[in-house]
Amino acid sequence: ARGNLDRALVSLGFVIGKRVDGALAPPDQVTRAAEALEVGPNAVKSAVDRRPDVRSASERTLALRASAKEPYYRLVPTLSAQGQIRLTPAPLPTEKAVDESATLALTWSIFDAGVRYTDRRVRVAQAESQALDERLLKRSVEADVSLALASLRAARETFKAAEAAV
């Protein structure tokens, strides 16, 4: 693998093991862009806001919190209505040609053996766990951005030292 890499570098114009003489080349476009980059105090916050995985985690947390409210809605009685019409194309003299019926039902589950409240506790625990995962993700993004900014500062200082040494 090392031989293949060496051959690829030589074919691209890189000479391996040759001593470099003369002045260093001026900074390329990437170096100039890195030098010109001004990092403001909101760099970490804007990086967190732009990440789709952080946004997804935030939306999931909101959804789980909303879902945790649903078991309380089971305390409210349920009202249902049903209507039915039956047509008989050729009725006998003792039958009706059209038969209609309507049903209105009110259901209220007063005691459900604690299922409603257990479900609520489970959903609240899931929402809290997701909120902690979201915080962990945000902290890891903040740490990554801070590390990248520190690396950029160190690279700038190294570049200045190299220029001064040349």
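Structure: see above.
All values derive from a computational prediction rather than experimental measurement. (Residues numbered from 1 in each chain as written. Predicted model: local features only at pLDDT ≥ 70, side-chain atom pairs only at ≥ 80, totals over all residues. Heavy atoms only, no water.)

Some details on the pairing of strand β1 (residues 78-87)
Put simply, side chains in a regular strand alternate between the two faces of the sheet. Little of β1 sits out of view: just zero of its 10 residues are buried. Both β1 and strand β2 (residues 98-107) contribute to a ladder of 10 bridges, which runs antiparallel. Following the sheet pairing, Gln84 is matched in β2 by Ser101. (Buried < 20%, exposed > 50% of the residue type's maximum accessible area, 1.4 Å probe, protein only. Helix = DSSP H or I, 4+ residues; strand = E, 2+ residues; numbered from the N terminus. Pairing = 2+ DSSP bridges.)

A look at unusual backbone geometry
Notably, Ala113 is not glycine yet its phi reads approximately 65 degrees, a positive angle. Tracing the sequence through the fold places Ala113 in the loop between β2 and α6 (115-165).

A look at the nonpolar core
Judged by nonpolar contacts, Ala47, Val48, Val54, Val141, Val145 and Leu149 together constitute the single largest core of six residues. Elements represented by at least two residues in this core include exactly α3 (43-50) and α6. Here this core takes three residues from α6, the largest share from any one element. (Core = buried A, V, L, I, M, F, W, Y, C linked by side-chain atoms within 4.5 Å.)

Thoughts on helix α4 (residues 52-67)
For α4, built from 16 residues, the straight-helix expectation of 22 Å at 1.5 Å per residue is met to within 8% by its first-to-last C-alpha distance of 22 Å. Listing the buried residues of α4 in full gives Val54, Ala57, Ser58, Thr61 and Leu64. On an axial view of α4, the arc spanned by its buried residues comes to 125 degrees, and they lie on one face. Turned more than 90 degrees from where α4 packs its buried face, Pro52 and Arg55 sit exposed. Buried residues belonging to α4 abut α3 and α6. (Expected span 1.5 Å × (residues − 1). Arc of directions from axis to C-beta. Contact = heavy atoms within 4.5 Å.)

Side note on the environment of Val44
Within the secondary structure, Val44 is located in helix α3. Of the residues examined, Val44 reaches a relative accessible area of 21% and is grouped as partly exposed. For Val44 and Ala143, which are 99 residues apart along the polypeptide, the C-alpha to C-alpha distance reads 8.8 Å. Dropping the residues within four chain positions of it, Val44 is found in contact with Glu142, Val145 and Ser146.

Focus: a nonpolar patch on the surface
The grouping of Tyr72, Leu75, Val76 and Tyr117 at the surface amounts to a nonpolar patch, some 350 Å² of accessible area in total. Along the chain, the position of Tyr72 falls in helix α5 (residues 70-73). (Patch = residues over 30% accessible without salt bridge, like charges linked within 9 Å, V, L, I, M, F, W, Y side chains within 5 Å. Areas by Shrake-Rupley, 256 points an atom, 1.4 Å probe, with all protein chains shown as cover. Salt bridge = Lys/Arg side-chain N within 4 Å of Asp/Glu carboxyl O.)

Thoughts on the packing of α3 against α6
Between two packed helices, both the angle of their axes relative to each other and the distance between the axes serve to describe the pair. Put simply, α3 and α6 touch, their axes get as near as 9 Å, and they point 130 degrees apart. As far as their axial angle goes, α6 and α3 are oblique. As α3 packs across α6, the resulting crossing turns out to be right-handed. In this structure, α3 contributes Ala43, Val44, Ala47 and Val48 to the contact, and α6 contributes Lys138, Val141, Glu142, Val145, Ser146 and Leu149. Class assignment for the residues of the contact of α3 with α6 results in seven nonpolar, one polar and two charged. (Axes fitted to C-alpha atoms, helices over the stretch in contact; angles between N-to-C directions. Parallel < 35°, antiparallel > 145°, perpendicular 65-115°, else oblique. Left-handed = near helix turned anticlockwise from the far one by under 90°. Nonpolar A, V, L, I, M, F, W, Y, C, P; charged D, E, K, R; others polar.)

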